[in-house]
Amino acid sequence: MITGTVDVAQELAAFLRTRRERLDPRDFGLPARRQARRTPGLRREEVAELAGISVDYVVRLEQARGLRPSADVVESLARALRLAPDERAYLFGLAGQRPRTVDKPATTAAPPLAQLVADLAPLPAMLMNHRYDILAWNTEIERLLVDFATLPPSRRNAMWLCLLHPRMRDFYVDRERVVREGIAHLRAAWAAHPEDEALTDLIAECTAHDEEFARLWAERTVKLNGRGLKEVRHPDAGVLTLQFETLTPVQDPDLRLLIYRGADDASRSALARVCRPPDA
């Protein structure tokens, strides 16, 4: 279990010990013990009891004896040790397991992120969650794509708009590539959020109403692309080439910040005209 210069078994053992030793037994309502504690924090047997696993297993983990705990065991240890979200993710990473989703998927944009989207003007930008729901946008991207404010919240979804909105169906010159890349992101999100009924419903609706989506979904492509070029047909500016960049906030890893820029002089000029206020 050696990865580069990190001995994963040793690091897992040390991490478990330090998290155990920082805990105050009084916070857990544990019964008083006659034997004095030689080290701070909880005893191994107390962690084992709280986690519902054997003391021997905890001992072997803390002695770096090459165990790879299951996701269930990692989850139990994280709860027993009262790990913060970042610590929990770190423990799952050391164990070579994928953490289960703790928080519900974001359905609104945190105010600082919404303000960031607005501040990116004059660049068109929007913030989406893992299922492509559009949570925040600036005026510039509305002028480029569609007026999101006129749509019901359930239709403010980038994949749905691309596939089923009349104005957007012919917007992308290489439509199949754009749809294929979008599907790859949706499939990754679907695997990471199997409990998300809204995402499942979106996939079902797109599959039922768009033959291209159904065909590409069945290919099970999972190659993700967060940077590149898109050629678009704008009703006022004609064909222009856009460079897109997708960024992920560290504290909200399921969100995606999409930013467009003109890829060449002609496209930059055209994009500036598209995004300019009508009375400017």
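A few points on the structure. (Residues numbered from 1 in each chain as written. Predicted model: local features only at pLDDT ≥ 70, side-chain atom pairs only at ≥ 80, totals over all residues. Heavy atoms only, no water.)

## Brief notes about the packing of helix 9 (residues 175-192) against helix 11 (residues 211-218)
1) Next: Orientation of helix 9 relative to helix 11, taken along the N-to-C sense of each, is 55 degrees, at an axis distance of 10 Å. As the angle between them shows, helix 9 and helix 11 are arranged oblique. In the crossing of helix 9 with helix 11, the sense of the turn from one axis to the other is right-handed. Across the interface between the two elements, Arg175, Glu176, Val179, Arg180, Ile183, Leu186, Arg187 and Trp190 of helix 9 pack against Glu212, Phe213, Arg215, Leu216 and Trp217 of helix 11.
2) Next: For the contact of helix 9 with helix 11, the residue count by class is seven nonpolar, no polar and six charged. (Axes fitted to C-alpha atoms, helices over the stretch in contact; angles between N-to-C directions. Helix = DSSP H or I, 4+ residues; strand = E, 2+ residues; numbered from the N terminus. Parallel < 35°, antiparallel > 145°, perpendicular 65-115°, else oblique. Left-handed = near helix turned anticlockwise from the far one by under 90°. Contact = heavy atoms within 4.5 Å. Nonpolar A, V, L, I, M, F, W, Y, C, P; charged D, E, K, R; others polar.)

## Observations regarding the packing of aromatic side chains
1) Next: Counted by the stated rule, this structure contains five aromatic pairs.
2) Next: A ring pair is formed by Trp137 and Phe148, whose centres lie 5.3 Å apart and whose planes are at 70 degrees; its orientation type is edge-to-face. Of this pair, Trp137 sits in strand 4 (residues 134-137) while Phe148 sits in the loop between helix 7 (139-144) and helix 8 (158-164), and the two are 11 residues apart along the sequence.
3) Next: Residue Trp137 is classed as partly exposed on the basis of its relative accessible area, which comes to 25%.
4) Next: Take Phe148: its relative accessible area is 0%, and that puts it in the buried class.
5) Next: Both rings, one in Phe213 and one in Trp217, keep their centres 5.9 Å apart while their planes meet at 10 degrees; by these two values the pair is stacked. Pair noted here: Phe213 and Trp217 are both in helix 11, with a separation of four residues, about one helical turn. Like Phe213, the residue Trp217 is buried in the burial classification.
6) Next: Positioned above the aromatic ring of Trp217 is the side chain of Arg187, whose terminal nitrogen or guanidinium carbon lies 4.0 Å from the ring centre.
7) Next: Here Lys230 stacks its cationic end above the ring of Phe244, 4.7 Å away from the centre of that ring. (Phe/Tyr/Trp six-rings, centres within 6.5 Å; stacked < 30°, edge-to-face > 60°. Buried < 20%, exposed > 50% of the residue type's maximum accessible area, 1.4 Å probe, protein only. Lys NZ or Arg CZ within 6 Å of the ring centre and 35° of its normal.)

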